[in-house]
Amino acid sequence: MTTTHTKTISKVTPAGHQRAVAFALSQLLAEFPDLPTPHWSIPIPQPEDDRALYGYLQREHETLVAFQAYVKALGGVVTSCAPAEMYGRLVRTHTVVAQWKGIKVDVTVTLPTSVDVQAAL
């Protein structure tokens, strides 16, 4: 399935969109089998937001090293939110937004504010 075909199929129906995204995810996992395993989410597409695949690094994969692996594999743009308190600690959420096989992918991690993600990339 080519990138053009993936884009075409995703605009046909919500089910077609999800199949295209699932196919792109399977390719990502096949090409990078050693990437840490996030919690993946494939939402029904919304007209105002064409992002298709969300990964959330959690538990043992909620680390700078795991996030760096996705930034290296996907490329894209890294953004960081303002600090917030969570479970008594000050944290910041970081997201890499990229294209993979014609599908927009977001991978997010929440880390202590003491971790300087931008300097580590």
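Residues numbered from 1 in each chain as written. Predicted model: local features only at pLDDT ≥ 70, side-chain atom pairs only at ≥ 80, totals over all residues. Heavy atoms only, no water.

Concerning the pairing of strand S2 (residues 53-56)
Formally: By the convention used here, strands pair only if DSSP detects at least 2 bridges between them. Runs of E in the DSSP output that reach at least two residues are strands. Runs of H or I that reach at least four are helices, and both are numbered from the N terminus.
Bridge count between strand S1 (residues 39-41) and S2: 3 bridges; the pairing is antiparallel. Paired with Trp-40 across the two strands is Gly-55, which belongs to S2. In this structure, S2 lies alongside strand S6 (residues 103-112), joined through 4 bridges in parallel fashion. Across the sheet, Leu-53 pairs through a bridge with Val-105, a residue of S6.

Some thoughts on unusual backbone geometry
Counted only if it meets this: The classification of residues rests on relative accessible area computed with a 1.4 Å probe and restricted to protein chains. Under 20% of the type maximum is buried, over 50% is exposed, and intermediate values are partly exposed.
With a phi close to 50°, Arg-59 is a non-glycine residue in the positive phi region. Looking at where Arg-59 falls in the secondary structure, it is placed in the loop between S2 and helix H3 (64-74). Arg-59 gets classed as exposed once you look at its relative accessible area, which sits at 70%.

Considerations on the confidence of the model for the protein
Heads up, the condition is: Confidence of the predictor in every single residue is expressed as pLDDT, which spans 0 to 100.
Scored by pLDDT, the protein comes out at a mean of 85, with 83% of its residues at no less than 70. At the level of individual helices and strands, the protein shows its lowest average pLDDT in helix H1 (residues 3-10), which scores 52, and its highest in H3, which scores 95.

Examining the side chain of Thr-110
We count it as follows: Polar contact is the term for a pair of N or O atoms within 3.5 Å; when the atoms are in protein, one must be able to donate a hydrogen and the other to accept it, and sequence-neighboring residues count only if both atoms are side-chain atoms. A contact between two residues is defined here by any heavy atoms of the two lying within 4.5 Å.
By the element assignment, Thr-110 lies in strand S6. The buried category is assigned to Thr-110, whose relative accessible area is 13%. In this structure the side chain of Thr-110 is engaged in a polar contact, spanning 3.2 Å, whose partner is the side chain of Thr-93. Every residue in contact with Thr-110, bar those within four places of it in the chain, is listed here: Glu-62, Met-86, Val-91, Arg-92 and Thr-93.

Description of the nonpolar core
Short version of the rule: Residue types Ala, Val, Leu, Ile, Met, Phe, Trp, Tyr and Cys, when buried and joined through side-chain atoms within 4.5 Å, form a set referred to as a nonpolar core.
Within the largest apolar cluster, 26 residues are counted, with the highest numbers of intra-cluster contacts made by Trp-40, Phe-67, Leu-74, Ile-103, Val-105 and Val-107. Taken together, the elements giving at least two residues each to this core come down to helix H2 (14-31), H3, strand S5 (89-100) and S6.

Quick look at the pattern of salt bridges
Stated precisely, the cut-off is as follows: Here, a salt bridge means any Lys or Arg side-chain nitrogen found within 4 Å of an Asp or Glu carboxyl oxygen.
Under the counting rule described, the total for this entry stands at 1 salt bridge. Salt-bridge contacts for Lys-101 lead to Glu-31; the nearest nitrogen and oxygen are separated by 3.3 Å. In this pair, Lys-101 is assigned in the loop between S5 and S6 and Glu-31 in helix H2, connecting sequence segments 70 residues apart.

As for H3
Every α-helix carries 3.6 residues per turn, so stepping three or four residues along brings you back to the same face. Those residues of H3 not exposed but buried are Ala-66, Phe-67, Tyr-70, Val-71, Ala-73 and Leu-74. Elements that come into contact with the buried residues of H3 comprise H2, S1, strand S3 (77-80), S5, S6 and helix H4 (117-120). With its phi angle positive at about 70°, Gly-75 sits one or two positions after the end of H3.

Focus: the pairing of S6
Most of S6 is tucked away, with 8 of its 10 residues classed as buried. Two elements, S5 and S6, share 10 bridges in a ladder whose sense is antiparallel. Bridge pairing in S6 links Thr-95 to Thr-108.

A short note on H2
The cut-off we apply is this: What a helix is expected to span follows from its residue count: subtract one and scale by 1.5 Å.
The end-to-end C-alpha distance of H2 is 26 Å, a good match for the 26 Å that 18 residues give at a rise of 1.5 Å each. Gly-16, His-17, Ala-20, Val-21, Ala-24, Leu-25, Gln-27 and Leu-28 are the residues of H2 that are buried.

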